[in-house]
Amino acid sequence: MPMTDPIQPPPDEDPAGEVSAGQEATQFTPGLYLVATPIGNAADITLRALALLKRADLVACEDSRVSGPFLKRYGIQTPLFPYHEHNAAKVRPQLLQKLQAGAVVALVSDAGTPLISDPGYKLVRESIAAGIPVTALPGASAVLTALSLSGLPSDRFLFAGFPPAKAAAREKWLAELKPVRASLVLLESAQRLPDSLAAMAKMLGGAREAAVSRELTKKFEEVRRGSLADLAAHYAAHGPPRGEVTLVIGPPGVEAEATAADLDAALAAAMPGQPLRQAIDMVAAALGLPRKQVYARALHLRDSGSDDG
């Protein structure tokens, strides 16, 4: 999706509370700087981050095809230095050598805060071990943005990254997370979302509350809230969404037992998009109801053509 036009900061804006934006570019001392970048809307970049990116000797980035256009948008010509999971072992010693020689190095991810689902952890760890100063410049984060918008408890949460792609490994992974008494924040590919939600409804409980966020901070931002059963049924019927997805699942222990209305809503969402047998199996597993009960209600809804019988 297209990014909105960037906000041009006033020339005397004071992001650090001590110096102006123009002066701050001279205040960065040698070391590694972890710089958060926008997750979609190009205006979501701090003045301090822009100053550092202009001042740095190089910008270590996941993909120059992503970071390059973003820096160009702000007139920043700092050299880019690819650093990603495929070259990290080879490139990391080179970055450490530059840091030890007194360079100012900015580490950015393709979007959001570095080290959240990207390879920066080992570089930070080895920099600390070598006595190299490490500084974080906070900013945008899909994890925190989705959590804030979810309407679910945010006083305690666990970021668990991406679920395994294979069904058996995913179910084992979810079983380990089920007793965690905190909201869960996950990332998932749009294509795998329907299958993952069905597995989550089965393993975590269909009545557990959740929120699916996509295209955060972009023009077509959307947050869909509901039980895991309702969300699984919706995406089974309508297919994968477009854009990048962040999923928040509420903590255990606050679910209500599935009501007749929950059953009807789940069936109404699931039945149009798949064979009746498959819809019944999915809804029964998601809501934790006997298949015989779900089957009888599904036949009634189908034969009556009514949403409420």
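As a convention, each chain's residues are numbered from 1 in the sequence order in which they are written. Thresholds applied to this predicted model are a pLDDT of at least 70 for local features of residues and 80 or more for the giving and counting of side-chain atom pairs; totals over whole chains, interfaces and linings are not thresholded and use all residues. Remark: hydrogens and water are excluded; side-chain values derive from all non-hydrogen atoms of the structure.

Looking at this model, I keep getting lost on the packing of helix H11 (residues 276–287) against helix H12 (residues 291–304). Mind explaining?
Geometry of a packed helix pair, given as the angle between the helix axes and the separation of the axes. Each axis is a line fitted through C-alpha atoms, and for a helix only the stretch in contact is used; angles between axes span 0 to 180 degrees, taken between their N-to-C directions. Per the convention used, a helix needs a DSSP run of H or I reaching at least four residues, while a strand needs a run of E reaching at least two, with both numbered from the N terminus. For the pair H11 and H12, the least separation of the axes is 9 Å and the interaxial angle reads 130°. Between H11 and H12, the angle falls in the class oblique. For the pair H11 and H12, the sense of crossing is right-handed. Within the contact between the two elements, H11 uses Leu276, Arg277, Ile280, Asp281, Val283 and Ala284 and H12 uses Arg291, Val294, Tyr295, Ala298, Leu299 and Arg302. Residue type decides the class: Asp, Glu, Lys and Arg count as charged, Ala, Val, Leu, Ile, Met, Phe, Trp, Tyr, Cys and Pro as nonpolar, and the leftover types, Gly among them, as polar. Here the residues of the contact of H11 with H12 sort into eight nonpolar, no polar and four charged. Oblique is the label for any angle not covered by the other classes, which are roughly parallel (under 35 degrees), roughly antiparallel (over 145) and roughly perpendicular (65 to 115). By definition, any crossing whose near helix is turned counterclockwise from its far helix by less than a right angle is left-handed, and any crossing with a clockwise turn is right-handed. Here a residue-residue contact requires only that any non-hydrogen atoms of the pair lie within 4.5 Å.

How do you make sense of the packing of aromatic side chains when you look at a structure like this?
Any aromatic ring pair is given by two values, namely how distant the centres are and how the planes are angled relative to each other. Aromatic pairing here means that ring centres of Phe, Tyr or Trp (its six-membered ring) are within 6.5 Å. Orientation follows from the plane angle: under 30 degrees is stacked, over 60 is edge-to-face, and everything else is tilted. Applying the stated rule across the entire model yields two aromatic pairs. Relative to Tyr33, the ring of Phe28 lies with its centre 5.6 Å away and its plane at 85°, an arrangement referred to as edge-to-face. Grouping residues by exposure puts Phe28 and Tyr33 together as buried. The interplanar angle of 65° and the centroid separation of 5.4 Å between the aromatic rings of Phe70 and Tyr74 together place this pair among those described as edge-to-face. Judged on exposure class, the residue Phe70 and its partner Tyr74 are both buried. Relative accessibility under 20% of the residue-type maximum defines a buried residue, over 50% an exposed one, and the middle range a partly exposed one, all with a 1.4 Å probe and only protein chains included.

Would you mind going over the pairing of strand E6 (residues 157–161) with me for this structure?
Where a strand is regular, its side chains alternate between the two sheet faces. At least two bridges found by DSSP between two strands are what make those strands a pair. For E6 and strand E7 (residues 183–188), the ladder comprises four bridges, and the chain directions are parallel. In the sheet register, Phe159 faces E7, and the bridge partner there is Val185. Assignment of crossover handedness uses the view with strands pointing away from the viewer, where a clockwise path from the first strand over the helix to the second indicates a right-handed crossover. Crossover connection from E6 via helix H7 (residues 167–177) to parallel E7: handedness right-handed.

Got a minute to help me understand the sheet that holds E6 in this structure?
One key point about sheets: their strands pair by backbone hydrogen bonds, in either a parallel or an antiparallel sense. A sheet is described by the order of its strands in space; here five strands give the open sequence E6-E7-E10-E8-E9, paired in mixed fashion. Each edge of the sheet is formed by a strand with only one pairing partner; in this case those strands are E6 and strand E9 (222–227). Each adjacent strand pair in this sheet contributes to an overall mean axis angle of 20°, direction not counted. When strand E8 (residues 209–214) meets strand E10 (residues 245–249), the two strands line up antiparallel, connected through five bridges. When the bridges of E10 are listed, Val212 appears paired with Leu247. Along the sheet, helix H6 (residues 142–150) makes contact with E6, E7, E8, E9 and E10, crossing E10 at roughly 50°. Along the sheet face, helix H8 (residues 193–204) touches E7, E8 and E10 and points at about 10° away from the line of E10.

I'm lost on helix H10 (residues 260–270) in this one. Help?
Structurally, the α-helix is built with 3.6 residues per turn, so residues lying three or four positions apart point the same way. Of the residues making up H10, those classed as buried are Leu263, Asp264, Ala266, Leu267, Ala269 and Ala270. For H10, the secondary structure elements touched by its buried residues are helix H9 (228–238), H11 and H12.

How do you make sense of the environment of Ile128 when you look at a structure like this?
Within the fold, Ile128 resides in helix H5 (residues 120–129). Overall, Ile128 belongs to the exposed group, its relative accessible area being 55%. Residues Ile128 and Leu32, 96 residues apart in the sequence, show an inter-C-alpha distance of 9.6 Å.

What exactly am I supposed to notice about the side chain of Ser141 here?
Secondary-structure assignment places Ser141 in the loop between strand E5 (134–137) and H6. When residues no more than four places from it in sequence are discounted, the contact partners of Ser141 are Ile39 and Thr113.

Hey, could you run me through the confidence of the model for the protein in this one?
Low-pLDDT stretches of the model should not have their predicted coordinates read in fine detail. You can read pLDDT as the predictor saying how much it trusts each residue, on a scale of 0 to 100. Per-residue confidence for the protein gives a mean pLDDT of 88, with 89% of residues at or over 70. Taken together, the stretch residues 1–25 has pLDDT below 50 and engages in 34 contacts with residues farther than four places along the chain or on a different chain.

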